[in-house]
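# An overview of the molecular structure
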Amino acid sequence: MATSINCSVVFTIIALSLFSSISTSHAARSLLQLPNMPTIPSLPQPTMPQLPNIPSLPTTLPPLPSVSSLPTLPSIPKMTLPPMPSMNPLPKMPSLPNMIPTLSPPPSN
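Residues numbered from 1 in each chain as written. Predicted model: local features only at pLDDT ≥ 70, side-chain atom pairs only at ≥ 80, totals over all residues. Heavy atoms only, no water.

Next up on the list: the overall build of the chain. When helices and strands are counted, the chain shows one helix and zero strands. Each of the 109 residues in the chain was classed as buried or not, and the buried ones make up 0%. (Helix = DSSP H or I, 4+ residues; strand = E, 2+ residues; numbered from the N terminus. Buried < 20%, exposed > 50% of the residue type's maximum accessible area, 1.4 Å probe, protein only.)

What follows is about a nonpolar patch on the surface. The grouping of Ile5, Val9 and Ile13 at the surface amounts to a nonpolar patch, some 270 Å² of accessible area in total. Here Val9 lies in helix H1 (residues 2–32). Overall, the relative accessible area of 43% leaves Val9 in the partly exposed class. (Patch = residues over 30% accessible without salt bridge, like charges linked within 9 Å, V, L, I, M, F, W, Y side chains within 5 Å. Areas by Shrake-Rupley, 256 points an atom, 1.4 Å probe, with all protein chains shown as cover. Salt bridge = Lys/Arg side-chain N within 4 Å of Asp/Glu carboxyl O.)

Structural data, given as structure tokens:
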């Protein structure tokens, strides 16, 4: 019952979309077949007010400070790392028991 209602709704939507596209294409065709319409007269162009002048930026850069006037950076102490400890062997991980029995393949003739 529900599927027949869904099918009828889908069919109705498809039919409406087909009929609406037919009427749209018919309207577009009738617009193309109209006689030439009179041209729109050109409108006068508005006059724009004059924009203010933008001041020019200076083209020369100020001189950079000399290297001798810069402060000196303090020296950083060198860091030494402690020696690495000797590596002991890692303990073996216990194996987990296999709970799923494996099936052997059938014997070949």
